[in-house]
Amino acid sequence: MRRLLRFLLSFILFLTTLGVYFSNRLMYMKKKDDAFILNREKEAGRFDPLAFENLPKREVSIPSPFGYPLKTIIAEPHDQNKYIIIAHGVTENKMNSVKYMNIFLKRGYNAVIYDHRRHGESGGKTTSYGHYEKFDLQAVVQWLKAEKGAEVQIGIHGESMGAATMLLYAGMLEDGADFYIADCPFSDFEEQLSHRLKTEMKLLPPKLLIPLADLFIRVRQRYSIKAVSPISVIENIQKPILFIHSQLDDFILPTMTEELFQRKQGPKKLYLATNGIHAQSYNENKEDYERVIDEFLDEYVDAKNEHVEPVPSSS
């Protein structure tokens, strides 16, 4: 009897240790250093410090509904009431969004780039892969509408977790933008975790780890991994979506984007980039990436295709 009791206690301790460890890895995923991101973007020629310094812009702290500040930069070189909001990926920060911002500045849009919770200069203690981040994105959208009026035209571009966050926002909270660009999103977080576990932790089966992690996330963070599922809400999004993914992405598989595209009803477009791994579709296919955006905007957003003179940007 004592041996059985010791075994049960040891087994419970093992599961608890494993649950805490794995949920910690999710909640506190190691981020890239802010200086590293900035230097990487500068060295790659995607961030020009002088051009960025000269860009008409202002810094704003937008309050999250969860009590922390969302550090935001509003770039406004144009008089037109058109804005693109950029949502970066996990481990990145708003400096990674500058390259996407520049695409739209050249096309007559003003831009909003911001740090997700627990990233960059924003507050927040944990990462939730879109669950709490979707409410923060809603706060950014609603702040912009209050600031610029109901007639403001808004697009949202998201990369990786930022793209999943954007789809969760539009599919679960409000279809509040005029168009969306989803670059390499996961379609379902549970499925994505299973894929990564099979690659990175081959000795521990996903069928054991994911339910255990979900239990601890429910207790510690008050949401379920199963609820972070863009594919389950994509049919609620009526506005146009441009889906982008690299064919060579082995971190988040391109089949996830293809499934999202197939499930989406109404206006949509799909671009599978030839070159680049995860979140590298623009970096490795710049001309095609911008061409597809132009085609998408021409077809679904800017019928008149008004010409706007280029402005200084940080690329």
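Fair warning: this is a prediction, and the values are worked out from it, not measured in the lab. Residue numbering note: each chain is counted from 1, following its sequence as written. Selection of residues for local features in this predicted model requires a pLDDT of at least 70, selection of side-chain atom pairs for listing and counting requires 80 or more, and totals for whole chains, interfaces and linings are taken over all residues. The side-chain figures draw on all heavy atoms in the structure; neither hydrogens nor water molecules are used.

Visitor: Could you clarify how one ought to interpret the packing of helix α1 (residues 2-27) against helix α8 (residues 206-221) in this entry?
Guide: For any two helices packed against each other, one specifies the crossing angle of their axes together with the interaxial distance. α8 packs onto α1 with a crossing angle of 70° between their chain directions and a minimal axis gap of 8 Å. As far as their axial angle goes, α8 and α1 are roughly perpendicular. Counted together, Leu15, Thr16, Leu18, Gly19, Val20, Phe22, Ser23, Asn24, Leu26 and Met27 of α1 and Leu208, Leu209, Leu212, Ala213, Phe216, Ile217, Arg220 and Gln221 of α8 form the full contact between these two elements. Its residues placed into classes, the contact of α1 with α8 shows twelve nonpolar, five polar and one charged. Angular values range over 0 to 180 degrees, each being the angle between N-to-C directions of two axes fitted as lines to C-alpha atoms, with helices fitted over their stretch in contact. Helix and strand assignments come from DSSP, with helices taken as H or I runs of at least 4 residues and strands as E runs of at least 2, each series counted from the N terminus. The cut-offs work like this: below 35 degrees is roughly parallel, past 145 is roughly antiparallel, 65 to 115 is roughly perpendicular, and the gaps in between are oblique. Residues count as neighbours in contact if any of their non-hydrogen atoms are within 4.5 Å of one another. Only Asp, Glu, Lys and Arg are considered charged in this grouping, and only Ala, Val, Leu, Ile, Met, Phe, Trp, Tyr, Cys and Pro are considered nonpolar; every other residue, Gly among them, is considered polar.

Visitor: Whenever I open this one, the layout of surface pockets confuses me. Can you help?
Guide: A water-sized probe, rolled over the atoms, reveals where empty space remains. Here the term cavity refers to a set of points on a 1 Å grid, laid over the protein atoms alone, in which a 1.4 Å probe fits but cannot get out; the term pocket refers to an open set having protein on both sides within 12 Å along at least five of seven lines, with lining residues being those that place an atom within 4 Å of a point. Grid points are joined across faces, edges and corners, and a volume is the space filled by probe spheres set on the points. Of the pockets and cavities examined, the largest pocket occupies roughly 700 Å³. In terms of lining, the largest pocket is formed by 34 residues, of which the most central are Met29, Val90, Thr91, Phe251 and His278. The set of elements that each furnish at least two residues to the lining of the largest pocket consists of α1, α2 (34-43) and α7 (189-200). When residues in the lining of the largest pocket are grouped by element, the largest group, six residues, is from α7.

Visitor: Would you explain α7 in this entry?
Guide: Note: α-helices contain 3.6 residues per turn, so residues at a spacing of three or four share the same orientation. In this model α7 runs 16 Å from its N-terminal to its C-terminal C-alpha over twelve residues, within 8% of the 16 Å that 1.5 Å per residue would give. Working definition: with a 1.4 Å probe on protein chains only, accessible area under 20% of the residue-type maximum means buried, over 50% means exposed, and in between means partly exposed. Within the sequence span of α7, burial applies to Phe189, Gln192, Leu193, Ser194, His195, Arg196 and Leu197. On its buried side, α7 packs onto α1, α8 and α9 (254-263). A helix is expected to reach a length of 1.5 Å times the quantity of its residues less one.

Visitor: Which parts of the structure should I look at to understand the environment of Met101?
Guide: Tracing the chain through its elements places Met101 in helix α4 (residues 98-105). Sequence-wise, Met101 and Tyr83 are 18 residues apart; in three dimensions their C-alpha atoms are separated by 9.9 Å.

Visitor: Help me understand the environment of Glu299 in this model?
Guide: Its location among the elements puts Glu299 in helix α11 (residues 286-300). Linking Glu299 and Ile113, residues 186 residues apart in sequence, is a C-alpha distance of 25 Å. Counted as a polar contact is a pair of N or O atoms within 3.5 Å, where, for protein atoms, one must be capable of donating a hydrogen and the other of accepting one, and residues adjacent in sequence contribute only when both atoms are in side chains. Here the side chain of Glu299 touches Tyr300 through a polar contact of 3.4 Å, side chain to side chain.

Visitor: How should the pattern of salt bridges be read in this particular structure?
Guide: Close approach of charged atoms lets side chains of opposite charge pair. Criterion for a salt bridge: a side-chain nitrogen of Lys or Arg within 4 Å of a carboxyl oxygen of Asp or Glu. The tally for this structure, following the rule as stated, stands at 21 salt bridges. Note that Glu41 and Arg46 form a salt bridge whose closest N and O atoms lie 2.9 Å from each other. Each of the two residues, Glu41 as well as Arg46, counts as buried. Salt bridges sharing common partners tie together Lys32, Arg40, Glu41, Arg46, Glu92 and Lys99.

Visitor: What is the right way to read the confidence of the model for the protein chain from this model?
Guide: The quantity known as pLDDT measures the predictor's confidence residue by residue, on a range of 0 to 100. Here the protein chain averages 94 in pLDDT, while 95% of its residues score no lower than 70. Long-range and interchain partners of residues 307-315, a stretch whose pLDDT sits below 50, account for 26 contacts in this model, where long-range means more than four residues apart.

Visitor: What exactly am I supposed to notice about the pairing of strand β3 (residues 82-87) here?
Guide: Regular strands show a simple pattern: their side chains alternate between the two faces of the sheet. With six of six residues buried, β3 is to be regarded as a mostly interior element. Paired strands, in this sense, are two strands between which DSSP finds at least two bridges. As paired elements, β3 and strand β5 (residues 153-159) share six bridges and run parallel to each other. Across the sheet, Ile85 pairs through a bridge with Ile156, a residue of β5. Looking at chain direction, β3 and strand β4 (residues 110-114) are connected through four bridges and run parallel. If you follow Ile85 over to β4, its bridge partner there is Val112. A crossover counts as right-handed when, viewed with the strands pointing away from the observer, the path leading from the first strand over the helix to the second turns clockwise. Since β3 and β4 lie parallel, the crossover through α4 that links them has a hand, and here it is right-handed.

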